[in-house]
Amino acid sequence: RLREAGVERLTLTGGEPTLVKGLERLVVAARALGFRQVVIQSNALRFAEPGFAALFEGDARPDYLLVSFHSHEASVHDGIVGRPGAFPEAVAGIQELLRRGHEVVLSHVLQRANAGAVLAFVDYVAEHFASLASQAAGPGAQGALGLSFSVIAPSGGARAADIPRFAPLAKSLDGAMRRARDLGITVHMSEMCGMPRCLLPDDLDSLLAAQADLQDE
């Protein structure tokens, strides 16, 4: 029905879509129906399991994976996602995807718990993931690793108290985006990112990767 209505981009999300048995077959089916872009939005934990990432090859290979990764500090990440021990599994899953040449965009939702360390987060991503992305992509290739920044919204389990102060966050985010660009990591920002446009850098467009093929998170 979505294809009949003219929809061309499909995001498989949840909950956690990798808990659905046969997720790889859904990607294949979406390709067969003619979706131009198929994305998996995941916490990447299952991709750390032996053999799981291997299921997503050929026609089962998504265009990219949008992976929730909210801090370079294990306790902060685990606190945000509400699962003790999630951090090392997420790191291992992301690394496995990159080794296999997948394009991975890390969704980093800024909130009081992590807003003060966004620059250190970018450095962690560069140190632990960027080299794997460049090796898998091959010489001269780009775009295998990206960062997507957004700000938490007071909905669902989030609270208004979780929203960071915008003015200091804007300054930190400016520096983080420039650092990521200098380190060769593509930067994305959803149109629904939650940051007032007037607080973002005047040259924001030059800091961001082309947005045409990245869906709103």
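These numbers were taken from a predicted model, which means no experiment stands behind them.

Enquirer: Give me the lowdown on the overall build of the protein chain, citing residues and values where you can.
Expert: Counting secondary structure elements, the protein chain contains six helices and six strands. Traced from its N-terminal end to its C-terminal end, the protein chain shows the element sequence β-α-β-β-α-α-β-α-β-α-β-α. By residue count, 45% of the 217 residues in the protein chain fall in the buried class. Counted over contacts in the protein chain with a minimum sequence separation of 6, partners at least 24 positions apart contribute 75%. With the model as given, the accessible surface of the protein chain reaches about 10,700 Å², and the carbon-plus-sulfur share is 52%.

Enquirer: Outline the nonpolar core, listing residues and values.
Expert: Grouped together as the largest cluster of nonpolar side chains are 57 residues, with contacts concentrated most on Phe69, Leu106, Phe129 and Phe149. No other element matches helix α4 (residues 118-137), which puts ten residues into this core. Phe69 has contacts with His77, Phe87, Ala90, Val91, Ile94, Leu106, Ser107, His108, Phe121, Tyr124 and Phe129, leaving out every residue within four places of it along the chain.

Enquirer: Give me the lowdown on helix α2 (residues 74-81), citing residues and values where you can.
Expert: For α2, every residue scored as buried is listed here: Val76, His77 and Asp78. Tucked into the core, α2 has its buried residues touching β3 (64-68) and α3 (86-99). Note on α2: the residue one or two positions beyond its end, Gly82, has a positive phi of about 75°.

Enquirer: An account of unusual backbone geometry is needed here, citing residue identities and associated values.
Expert: What you tend to see is this: most non-glycine residues have negative phi, and most peptide bonds are trans. Along the chain, Gly14 connects to Gly15 via a cis peptide bond; the corresponding omega equals 20°. Note on placement: Gly15 falls in the loop between β1 (9-12) and α1 (23-33).

Enquirer: I'd like a rundown of the packing of aromatic side chains, residues and numbers included.
Expert: Applying the stated criterion to the full structure yields nine aromatic pairs. Centre to centre, the rings of Phe69 and Phe87 are 5.7 Å apart; their planes meet at 20°, and the pair counts as stacked. Of this pair, Phe69 sits in the loop between β3 and α2 while Phe87 sits in helix α3, and the two are 18 residues apart along the sequence. Residue Phe69 is classed as buried on the basis of its relative accessible area of 0%.

Enquirer: Explain the packing of α2 against α3 residue by residue, including any values.
Expert: Two numbers describe how α2 lies on α3: the axes approach to 8 Å, and their chain directions differ by 95°. Classed by the angle they form, the pair α2 and α3 counts as roughly perpendicular. Residue-level inspection shows Ala74, His77, Asp78 and Val81 of α2 in contact with α3, the latter providing Ala86, Phe87 and Ala90. In terms of residue class, the contact of α2 with α3 is made up of five nonpolar, one polar and one charged.

Enquirer: Lay out the pairing of strand β4 (residues 104-110) in plain terms, naming residues and giving numbers.
Expert: Within β4, seven of the seven residues are buried, which leaves the element mostly enclosed by the surrounding structure. Here β4 shows a buried face lined by Val104, Leu106, His108 and Leu110 and a second buried face lined by Val105, Ser107 and Val109. With four bridges connecting them, β3 and β4 associate as parallel partners. Considered in β4, the bridge of Val67 is made with Leu106. The pairing of β4 with strand β5 (residues 145-151) spans seven bridges and is classified as parallel.

Enquirer: Please give an account of the confidence of the model for the protein chain that cites residues and values.
Expert: Taken over all residues, the pLDDT of the protein chain has a mean of 86, while the share at 70 or more is 88%. For residues 139-143, every residue scores under 50 in pLDDT, and the model assigns this stretch two contacts once sequence neighbours within four places are set aside.

Enquirer: Can you tell me about the pattern of salt bridges, naming the residues and giving the values?
Expert: Applying the stated criterion to the full structure yields twelve salt bridges. Arg100 is the salt-bridge partner of Glu57, the closest N and O atoms lying 3.7 Å from each other. Within this pair, whereas Glu57 is found in the loop between β2 (37-42) and β3, its partner Arg100 is found in the loop between α3 and β4, the two being separated by 43 residues in sequence. Salt-bridge contacts for Asp174 lead to Arg178; the nearest nitrogen and oxygen are separated by 2.4 Å. Of this pair, Asp174 and Arg178 both sit in helix α5 (residues 166-182), four residues apart, which is roughly one turn of that helix. In this structure Asp174 comes out as partly exposed when scored by relative accessible area, which is 22%.

What counts, and at which threshold
- Residues numbered from 1 in each chain as written.
- Predicted model: local features only at pLDDT ≥ 70, side-chain atom pairs only at ≥ 80, totals over all residues.
- Heavy atoms only, no water.
- Helix = DSSP H or I, 4+ residues; strand = E, 2+ residues; numbered from the N terminus.
- Buried < 20%, exposed > 50% of the residue type's maximum accessible area, 1.4 Å probe, protein only.
- Contact = heavy atoms within 4.5 Å.
- Areas by Shrake-Rupley, 256 points an atom, 1.4 Å probe, with all protein chains shown as cover.
- Core = buried A, V, L, I, M, F, W, Y, C linked by side-chain atoms within 4.5 Å.
- Phe/Tyr/Trp six-rings, centres within 6.5 Å; stacked < 30°, edge-to-face > 60°.
- Axes fitted to C-alpha atoms, helices over the stretch in contact; angles between N-to-C directions.
- Parallel < 35°, antiparallel > 145°, perpendicular 65-115°, else oblique.
- Nonpolar A, V, L, I, M, F, W, Y, C, P; charged D, E, K, R; others polar.
- Pairing = 2+ DSSP bridges.
- pLDDT = per-residue confidence, 0-100.
- Salt bridge = Lys/Arg side-chain N within 4 Å of Asp/Glu carboxyl O.

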